[in-house]
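Letter by letter, the chains look like this.
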Amino acid sequence: MARRVGIIGFGHLGQFLTERVQESPDHELAFVWNRSPEKIREGLPVLEDLADAASMTPDLIVEVAHPVVAKRHLASLLGVCDVMAGSPTAFADADTEAAGRAACTEHGLYVAKGALPGLHDVREMVANGKLHGARIRMTKPPHSLRYSGPVDLDAITEETMIYDGPVRQLAGWAPNNVNTMCVLAMASELGFDDVKAELVVIPDFGFHLVEVELCGPPRADGKQFKLELKRTNPAAIGAVTGTATYQSFWRSLQRAEGMGPGVHFV
Amino acid sequence: MTTTVYMARAFPRGEAGGNPAGVVMDAEGLDAATMQAIAREVGVSETAFVQSTPDGHRVRFFTPRTEVALCGHGTIATYGVLATQGLADGTYTMHTPAGPQSVTVSEGWVQMSQNPPLFAGPLPVDRIASVLGIDPSDILAEPAPQGVSTGLLKIHARVVDRRALDGIDPDWDAIARFGEATSSTGIFAYTLETAEPGHTARCRNFSSAVGAEDPATGTACGGLASLLVREGLAQPGEELRFEQGDAVGRPSTIRAVISGSRGRITGVRVSGRAVLDAVRTIA
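Let us look at the structure shown here. Because the structure is a prediction, the values reported are computed rather than measured. (Residues numbered from 1 in each chain as written. Chains lettered and ligands numbered in written order. Predicted model: local features only at pLDDT ≥ 70, side-chain atom pairs only at ≥ 80, totals over all residues. Heavy atoms only, no water.)

Residue and element names in this part refer to chain A. Most of strand 2 (residues 27–33) sits out of view: six of its seven residues are buried. With six bridges joining them, strand 1 (residues 3–8) and strand 2 adopt parallel strand pairing. Within the sheet, the bridge partner assigned to Ile8 lies in strand 2 and is Trp33. Traced from strand 1 through helix 1 (residues 12–23) to strand 2, the parallel crossover comes out right-handed. (Buried < 20%, exposed > 50% of the residue type's maximum accessible area, 1.4 Å probe, protein only. Helix = DSSP H or I, 4+ residues; strand = E, 2+ residues; numbered from the N terminus. Pairing = 2+ DSSP bridges. Right-handed = clockwise from strand over helix to strand, strands pointing away.)

Structural data, given as structure tokens:
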């Protein structure tokens, strides 16, 4: 039976997912909600009020609108069916994360893993109680960032680490760019304050690098298990969210099924 | 209804100086608007509003203008006042909008934990010099001016010497605009040339949140201690002492200890004393 999908948000990603759901034999479009409903393409099933989501009998609701929507509605939507959160940065807000984790007792809360390398290793180490620390460094060209922190990116002329600290604050300054870091903060169960984030910018850099370091507990002899992973992705100049990201999200949506209550990274 | 406000000074050097704060205990029935109105009436840089919790206290801090997530000197003043009233001796969790902080009270000294630091930079020397109204050559490029936060983001700028630091006379409108543009609470200027022997650095805090110079800034000193350790200018485990407030006639000393290592700071603790000056009643 086709899985009925409701989509919250009809921006570029929402439109892309709507088309994929309509084309997929395994999925069926339950509804589309948008803050400005007149922007939803004619002929699509429109949900006027998120409080009425249950009336459209969805099996999965995908939120790709805005972190504020997640903050306000995540808990109540999880009472209806499975929910997939489009922007893990929304969970950098401690109240949103607590509400999401508390509300997934009947249905699953799915988080798209995005560009995080080594998610399987992270979860294995968590399951074995062996994950003691995690650090993630992203290296990008400055023009690919949407950043509201204190550094003037236009003044950067050489390789520069512009952030070194907990993931939580960076999620507030660069919410469009650090979803991968937020997934690590959640999947590692170390949290947004204890996963260390580093953001490096290099002018005219042609790649997006993601480097993850996972540490086991220190042993009595001072030695420590360490796993280092690196993902190198050639970047289109100026692009923030490209087609590859959309495809990745669609594949995550396809995996978001049948895992039961709790938080799942797909 | 009347409100009792304990007026205290945190981080005094000797018996003089320190940073004034108001402390309102039993703030259970007060809403945010009432707290703001009381803070405006009290008129000092921060007034703390304290509620008891099973593991410690919930504390909110208000300047005369707005609420701030965390206030170091307000924390020292709060627990110093609680100690003078026989209401604090031991370790407590202080719940703040910036997260939970551990506070220990022992023999009149108050020690607060702060968040592990974040560093965000660099910021151009010229820009900082322009805001502070000093010559760019009076600001050192190493370590570069940068944001540091252990709960509140402040831009830290190292100036060459005491003469340069003591001579700063900033344009407060420029400080306010700078704070807004950098998502920070202003500039914390410091030099490693101190007046008091045994001190680590001499500091001045130009607060965009308050629109004035603070005599003693606990959160900024926690940040500066972190920065000095990260840059190899101080060691983890060493008690660092910061002198501040001389420029505004309120000499203060703030102590800080960093734990962890230069590459991975795991703990920031700031400590000091508070003295109770008066008890006010506000109608």
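Picking up where we left off.
The next subject is the side chain of Glu63 of chain A. Residues and elements named next belong to chain A. Topologically, Glu63 is positioned in strand 3 (residues 60–63). Of the side chains with opposite charge, Arg35 lies nearest to the buried Glu63, which makes no salt bridge, at 11 Å. Those residues in contact with Glu63 that lie beyond four places of it in its chain are Ile8, Val69, Ala70, Met84, Ala85, Gly86 and Ser87. (Lys, Arg positive; Asp, Glu negative; His and termini not counted. Salt bridge = Lys/Arg side-chain N within 4 Å of Asp/Glu carboxyl O. Contact = heavy atoms within 4.5 Å.)

It is worth spelling out the interface of chain B and chain A at this point. In many analyses, interface size is given as the accessible surface area lost on bringing the parts together. If you look at the interface, chain B gives 16 residues, while chain A gives 15 residues. Carbon and sulfur atoms make up 55% of the area that chain B and chain A hide from each other, which totals about 1,200 Å². For the interface between chain B and chain A, the tally reads one salt bridge. Here Arg230 of chain B and Asp164 of chain A are joined by a salt bridge, their closest N and O atoms 2.6 Å apart. Scanning the region where chain B abuts chain A turns up five residue pairs in polar contact (both at pLDDT 80 or more). For the side of chain B that touches chain A, the secondary structure elements donating two or more residues are strand 9 (118–120) and strand 11 (153–158) of chain B. Take the side of chain B that touches chain A: its biggest share by element is three residues, from strand 9 of chain B. (Buried area = accessible area lost by both parts, 1.4 Å probe. Polar contact = N/O pair within 3.5 Å; in protein donor to acceptor, adjacent residues only side chain to side chain.)

All names here are of chain B. Taking 1.5 Å of rise per residue, 13 residues should cover 18 Å, and helix 2 (residues 72–84) covers 18 Å from first to last C-alpha, within 8% of that figure. Within helix 2, 11 of the 13 residues are buried, leaving the element largely enclosed by the surrounding structure. When helix 2 is considered as a whole, its buried residues turn out to be Gly72, His73, Gly74, Thr75, Ile76, Ala77, Thr78, Tyr79, Gly80, Val81 and Leu82. Downstream of helix 2 by one or two residues, Gly86 has phi in the positive range, about 75°. (Expected span 1.5 Å × (residues − 1).)

What follows deals with the packing of aromatic side chains. Geometrically, a pair of aromatic rings is defined through the distance of the ring centres and the angle of the planes. One pass over the full model with this rule turns up seven aromatic pairs over all chains. Where Phe16 of chain A meets Tyr246 of chain A, the ring centres are 5.2 Å apart and the plane angle is 45°; that geometry is what we call tilted. Linking Phe16 of chain A in helix 1 with Tyr246 of chain A in helix 7 (residues 243–255), this pair joins segments that are 230 residues apart in sequence. With a centroid separation of 5.9 Å and an interplanar angle of 90°, the aromatic rings of Tyr163 of chain A and Trp173 of chain A are classed as edge-to-face. On the criterion of sequence distance, the pair formed by Tyr163 of chain A in strand 7 (residues 160–166) and Trp173 of chain A in helix 5 (residues 167–173) is long-range, its members being 10 residues apart. Between the NZ or CZ atom of Arg230 of chain B and the centre of the ring of Phe119 of chain B, over which it lies, the distance is 4.2 Å. (Phe/Tyr/Trp six-rings, centres within 6.5 Å; stacked < 30°, edge-to-face > 60°. Lys NZ or Arg CZ within 6 Å of the ring centre and 35° of its normal.)

Another point: the layout of surface pockets. Within this model, the second largest pocket holds a volume of roughly 370 Å³. Lining the second largest pocket are 19 residues, with Lys196 of chain A together with Pro116, Arg264, Ile265 and Thr266 of chain B positioned closest to its centre. Looking at the lining of the second largest pocket, the elements with two or more residues in it are strand 7 of chain A together with strand 17 (265–282) of chain B. A total of three residues in the lining of the second largest pocket trace back to one element, the largest contributor, which is strand 7 of chain A. Looking at the lining of the second largest pocket residue by residue, the class counts come to seven nonpolar, five polar and seven charged. (1 Å grid on protein atoms, 1.4 Å probe; cavity = no way out; pocket = protein on both sides within 12 Å on 5 of 7 lines; lining within 4 Å. Points joined across faces, edges and corners; volume = space filled by probe spheres on them. Nonpolar A, V, L, I, M, F, W, Y, C, P; charged D, E, K, R; others polar.)

What follows deals with unusual backbone geometry. Here Gly121 of chain B and Pro122 of chain B are connected by a cis peptide whose omega angle stands at 5°. Considering the arrangement of structural elements, one finds Pro122 of chain B in the loop between strand 9 and helix 3 (125–132). Cis geometry is adopted by the peptide bond preceding Pro143 of chain B, which originates at Glu142 of chain B and carries an omega value of -10°. Position of Pro143 of chain B among the secondary structure elements: in the loop between helix 3 and strand 10 (146–149). A positive phi is found at Asp204 of chain A, a non-glycine position, where the angle reads about 60°. Within the element layout of this structure, Asp204 of chain A appears in the loop between strand 8 (196–201) and strand 9 (207–215).

Purely geometric stuff here, so don't read any function into it on its own.
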